[in-house]
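Structural features, examined
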Amino acid sequence: MLAGQILAVWALAAGPCMGEQVVFGGGVASLSVFDRELVANYPSARSIITEHDSYDTKNAHKKSTKGSVLAYITPWNNHGYDIAKIFRGKFTHISPVWYTVRPNGESYVLHGSHDVDQPWISEVRGDPQVAHIVPRFQMDAWTQEDFVTLLIDQTPKGNAARSNLVSIIASEVTTQNFDGLVLESGAAFYMAPFLSALRAELGSSKTIVLVVPPSRGDGSQQLLSQAIPALEPLVDFFSLMTYDYSRPDDPGPNAPINWIEDNVDQLAQALPKDQRGMVLTGLNMYGVDYASGGRMEHVIGKSFLELLAKHTPRFEWDDETAEHSFTYMDDRGAQHQVYFPTLKSLDERIALAEELGTGLSLWELGQGLDYFYDLL
């Protein structure tokens, strides 16, 4: 990062005076993070530790953003299920990561039905309904040959494969009374033939979200431009994975804001002018810890708070990437650099999505800090 572009920020005080109306540590606050002046360039480790689970309960079910908000949940992160209930009015779509689809000879096997929790679904939907349940179906362990058979092969074998998989997925969506689905595969830009058959089977009342990768200067922009016109009539949203920008061999920010904007623009340019709302700009709720020697670990809220409590680091704000980071030395003397979302970095990205006319997709609920959702 260039000198002058980084602002070292450190709050010497314990944090702003909150007054008697706020109760800390119990997930209760009468004021939002904006009213408490926590969305700033100068967070302290102590203020984050003190404030992270205090949110505006009065408006916990009220959405302030304009576009659609898709939130992912994983079965291995139970706190995400609670977050979905606490803040359900802020999300238009909830996507539990329940299903994988794997090839099995000339057929397919669907895994994940055992994770479906119908009482939780009813509670999250609300009455009247405020959130739509659209579980993710991921094509896992597919080979290139498997994709060719499903998406390109026009012989009876290919037609039978498409019909079979459409029937499997559509039957599960219908039987479980889902509001639609999210589809993720390693061949997103080639999915039009399959999605056409799936849309015909499900009808227009079910929501279809297609996960699309971001451009990394690898030629995917051209593929995107060619594919979107055929995909756009078949789906309701594109979930754009604008995170995981940096790598262990080239550590840095998780999602530079200019890179996010470039990716949104590339996708939006391939859509009709009035369809920018189909784009769901991806926001990471997790962080990354880079260590010397090319090591990298993902960081979620609990481990982030443990690092703050142990090392009391000073945060740095980078105006160019609009991300916070900090460094620390571990017990073995190795230097670490951590990038983790903050109220300020998330607020910048939400504002960008509003400016660009897109929605949001959050990966994933429960990984971040509870007071993040005051921003939505």
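Our structure's up above, just so we're on the same page.
Just so it is clear, the structure is predicted and the values come from calculations on it, not from any experiment.

A separate point is unusual backbone geometry. Across residues other than glycine, the phi torsion is negative in most instances, and most of the peptide bonds are trans. Residue P128 follows D127 across a cis peptide bond; omega there is 5°. Even without being a glycine, A141 presents a positive backbone phi close to 65°. The residue A141 is located in the loop between β7 (136–139) and α4 (144–151) in this model. The phi dihedral of N177 falls on the positive side, at around 60°, and the residue is not glycine. With respect to the helices, strands and loops of the structure, N177 is situated in the loop between α5 (156–175) and β8 (180–184).

Moving on to the side chain of R136. With respect to the helices and strands, R136 occurs in strand β7. Beyond its immediate chain neighbours, meaning those up to four positions away, R136 contacts S95, P96, V97, W98, Y99, V182, E184 and W363.

In this section: the nonpolar core. Counting 100 residues, the largest nonpolar core has F91, I94 and F194 as its most contacted members. Sorting elements by how many residues they give to this core places α5 first, with 7 residues.

One pass over the full model with this rule turns up 20 aromatic pairs. For the pair Y72 and W363, a centre-to-centre distance of 5.2 Å together with 50° between the ring planes defines the contact as tilted. With Y72 in strand β2 (residues 69–73) and W363 in strand β17 (residues 359–363), the pair connects residues that are 291 residues apart, well separated along the chain. Here the two residues Y72 and W363 agree in accessibility, since each one is buried. Look at Y108 and W142: their rings are 5.4 Å apart centre to centre, the planes differ by 10°, and that puts the pair in the stacked class. Of this pair, Y108 sits in strand β5 (residues 107–111) while W142 sits in the loop between β7 and α4, and the two are 34 residues apart along the sequence. Look at Y108 and you get buried, because its relative accessible area is 10%. Using a relative accessible area of 12% as the deciding quantity, one classes W142 as buried.

For the pair helix α2 (residues 78–86) and helix α3 (residues 118–125), interaxial distance at closest approach is 8 Å and the crossing angle is 35°. Considering only the axes of α2 and α3, their crossing is left-handed. Every residue of α3 that contacts α2 at Y81, A84 and K85 is listed here: W120, E123 and V124. The residue makeup of the contact of α2 with α3, split by class, is 4 nonpolar, no polar and 2 charged.

Moving on, we get to the sheet that holds β8. Strand order in the open sheet made by the 11 strands is β5-β4-β7-β8-β9-β10-β11-β17-β2-β3-β6, with mixed pairing throughout. Pairing within the sheet leaves two strands with one partner each, and these edge strands are β5 and β6 (132–133). Alignment of strand β3 (residues 93–96) against β6, held across 2 bridges, turns out to be parallel. Paired with H93 across the bridge in β6 is H132. Contacting β7, β8 and β9 (207–212), helix α6 (residues 192–202) crosses the sheet at an angle of about 160° to β9. The strands touched by helix α8 (residues 257–269) are β9, β10 (237–240) and β11 (279–284); relative to β10, the strand with the most contacts, the crossing angle is about 155°.

Attention shifts here to the pairing of β3. The alternating pattern of β3 places H93 and S95 and I94 and P96 on opposite faces, both of which are buried. Across 4 bridges, β2 lies against β3 in parallel orientation. The residue of β3 that forms the bridge with Y72 is S95. One crossover worth recording links β2 to the parallel β3 by way of α2, and it is right-handed.

Rules used throughout
- Residues numbered from 1 in each chain as written.
- Predicted model: local features only at pLDDT ≥ 70, side-chain atom pairs only at ≥ 80, totals over all residues.
- Heavy atoms only, no water.
- Helix = DSSP H or I, 4+ residues; strand = E, 2+ residues; numbered from the N terminus.
- Contact = heavy atoms within 4.5 Å.
- Core = buried A, V, L, I, M, F, W, Y, C linked by side-chain atoms within 4.5 Å.
- Buried < 20%, exposed > 50% of the residue type's maximum accessible area, 1.4 Å probe, protein only.
- Phe/Tyr/Trp six-rings, centres within 6.5 Å; stacked < 30°, edge-to-face > 60°.
- Axes fitted to C-alpha atoms, helices over the stretch in contact; angles between N-to-C directions.
- Left-handed = near helix turned anticlockwise from the far one by under 90°.
- Nonpolar A, V, L, I, M, F, W, Y, C, P; charged D, E, K, R; others polar.
- Pairing = 2+ DSSP bridges.
- Right-handed = clockwise from strand over helix to strand, strands pointing away.

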